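Structure at a glance
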Amino acid sequence: MTVYGSFPGARPRRLRVNPAMRRMVAETRLHPADLILPAFVREGISEPVPISAMPGVVQHTRDTLRKAAVEAREAGVAGIMLFGVPDDAKKDAAGTAGTDPDGILQVAIRDVRAEVGDELVIMSDLCLDEYTDHGHCGVLDADGRVDNDATLERYAEMAQVQADAGVHVVGPSGMMDGQIGVVRDALDTIGKEDVSILAYTAKYSSAFYGPFREAVGSSLRGDRKTYQQDPANARESMRELALDLEEGADMVMVKPAGPYLDILARFADEVDVPVAAYQISGEYAMVEAAAEKGWIDREAAIAESLLGIKRAGASMILTYWATEVAQRISAGR
């Protein structure tokens, strides 16, 4: 008598016999609407500037950013996360270019909103690191340390100018204590209750940020270990999660994605709000570099990395491949 609960009656390979079968029983599927495109816009350039450590990614001009937004919308991408890169001469200790209504990020938000309206979710990085001459995510005290509470005042101003520019979602990414509550209050005070907050809830101090610092022209001296999370810690992320939700986060994020899939899975199991994951610059660069060497299949590696992130529980994935992958999905490839 055959026992079907074990071999030889049970043969899981029956469900892997051909592409059609594998497609039918797939437990995880990527959709263009799962994807968000991070994009950099640089002040004062007339042509896009390639980012050497991120082949295929550029610092956009205002015109090419508008085109990239349209391309993303047409591919079915859900949103675009904007990062501003100001002229170096405009950087100062307080990051005032970040709260200038005519600063590069605010101008870019208005440009993209005018181009795509509400057909693409426009998100903005809410942080000071691109705008400070010291490269930290906040203002410094007399001892050179990031002053948490003074920084919160700057974040409130940033939230308001970004909302006034027309952003749909702000992304406070500096990992300051209390940042979500302060930003929520700042938005509500000016009647922007409909602007959502995507909290960078678990943002780890990671070695994989290197290429991003070229992308935003970072002036960082030192490191960010006193405010970004220690890679050794997991329970700490759950505390950050509870605090962000209590303060009013509409969505939460894990960053980086690949090295922290365990944190992502715990978030997804714990909450009833959307969970995002950011596949960051170093993750992108590793795949591109290995593919350029011929060591891996580029398209297969991209797809597998994104499937892994979604399988771990992400409902949204920020990835520099967003438009390319969305186009490939739509083409049935």
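Structure shown above.
The following refers to the structure shown. (Residues numbered from 1 in each chain as written. Predicted model: local features only at pLDDT ≥ 70, side-chain atom pairs only at ≥ 80, totals over all residues. Heavy atoms only, no water.)

1. Quick notes on unusual backbone geometry
- Here the residue pair Phe7 and Pro8 is connected by a cis peptide bond, since its omega of 10° sits within 30 degrees of zero.
- Counting through the fold element by element, Pro8 comes out in the segment before helix H1 (19-25).
- Following Lys255, the chain continues to Pro256 via a peptide bond in cis, the omega torsion being -5°.
- Tracing the backbone through its elements, the reader meets Pro256 in the loop between strand S8 (251-255) and helix H8 (261-270).
- Located in the positive-phi region is Met175, a residue other than glycine, with phi close to 60°.
- Inspection of the secondary structure assignment puts Met175 in the loop between strand S6 (169-172) and helix H5 (179-189).
- Overall, the relative accessible area of 6% leaves Met175 in the buried class. (Helix = DSSP H or I, 4+ residues; strand = E, 2+ residues; numbered from the N terminus. Buried < 20%, exposed > 50% of the residue type's maximum accessible area, 1.4 Å probe, protein only.)

2. Quick look at the packing of helix H9 (residues 281-292) against helix H10 (residues 298-311)
- Between H9 and H10, whose axes approach to 9 Å, the crossing angle comes to 160°. On the basis of their axis angle, the class for H9 and H10 is roughly antiparallel. Judged by the sense of rotation from one axis to the other, the crossing of H9 with H10 is right-handed. Contacts from Val287, Glu288 and Ala291 of H9 reach H10 at Arg298, Ala301 and Ile302. (Axes fitted to C-alpha atoms, helices over the stretch in contact; angles between N-to-C directions. Parallel < 35°, antiparallel > 145°, perpendicular 65-115°, else oblique. Left-handed = near helix turned anticlockwise from the far one by under 90°. Contact = heavy atoms within 4.5 Å.)

3. What to know about helix H2 (residues 62-75)
- Here H2 contains 14 residues, and its C-alpha end-to-end distance of 20 Å stays within 8% of the 20 Å for a straight helix at 1.5 Å per residue.
- Three or more residues of H2 are buried, namely Thr64, Leu65, Ala68, Ala69, Val70, Ala72 and Ala75.
- Buried residues along H2 sit in contact with strand S1 (35-42), strand S3 (58-60), strand S4 (79-85), helix H3 (104-116) and helix H11 (322-330).
- Gly76 occupies a position one or two residues after H2 and carries a positive phi of about 90°. (Expected span 1.5 Å × (residues − 1).)

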